[in-house]
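If you want the building blocks of each chain, they are given just below.
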Amino acid sequence: MAEKKAGKTGKKKHKNKPTSKKYAKYKIEGNKIIRGKTCPRCGAGIFLMEANNRLYCGNCHYTSFEKKQ
Ligand SMILES: [Zn+2]
């Protein structure tokens, strides 16, 4: 009695999706955000967009002027 083992079919290879490009700009080490400032109104997780000398939050429209150092 020869029993043939049916090959496993229908198994799809799982492909890892690339992480959101939203965070590609920011380097995050552990819990520390190296680059990119977060919105003081929205809190951590909402990044401010840098425009000229301003920082702009697309979530709450908070605008912060960067001081020259
Ligand atoms: Zn905000």
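Residues numbered from 1 in each chain as written. Predicted model: local features only at pLDDT ≥ 70, side-chain atom pairs only at ≥ 80, totals over all residues. Heavy atoms only, no water.

### Topic: the overall build of the protein
Item 1. Counting its secondary structure elements, the protein contains zero helices and six strands.
Item 2. For the protein, the α and β elements follow one another from N to C terminus as β-β-β-β-β-β.
Item 3. As displayed, the protein offers around 7,300 Å² of accessible surface, 50% of which is attributable to carbon and sulfur atoms. (Helix = DSSP H or I, 4+ residues; strand = E, 2+ residues; numbered from the N terminus. Areas by Shrake-Rupley, 256 points an atom, 1.4 Å probe, with all protein chains shown as cover.)

### Quick notes on the coordination of the zinc ion
For a metal bound by four donors in a tetrahedral arrangement, the ideal donor-metal-donor angle is 109.5 degrees, while six donors in an octahedral arrangement ideally sit at 90 or 180 degrees.
Item 1. On the protein side, the zinc ion has Cys39 (SG), Cys42 (SG), Cys57 (SG) and Cys60 (SG) as donor atoms, found 2.2 to 2.4 Å from it.
Item 2. One way to put it: the four donor atoms around the zinc ion meet at angles of 107 to 117 degrees, and that makes the site tetrahedral.
Item 3. The sequence pattern formed by the donor residues of the zinc ion is C-x2-C-x14-C-x2-C. Of this pair, Cys42 sits in the loop between β3 (38-39) and β4 (43-51) while Cys60 sits in the loop between β5 (54-57) and β6 (63-65), and the two are 18 residues apart along the sequence. (Donors = N, O, S within 2.8 Å, 3.2 Å for Na, K, Ca; no water. Tetrahedral: all angles 85-135°; square planar, octahedral: opposite > 155°, others 65-115°.)

### Quick word on the sheet that holds β4
Item 1. Here we have four strands laid out as an open sheet, ordered β3-β4-β5-β6, and antiparallel in their pairing. In this open sheet, the two strands that pair with only one neighbour each are β3 and β6.
Item 2. Pairing of β3 with β4 involves two bridges; the strand directions are antiparallel. Looking at β4, one finds that Cys39 is bridged to Gly43. (Pairing = 2+ DSSP bridges.)

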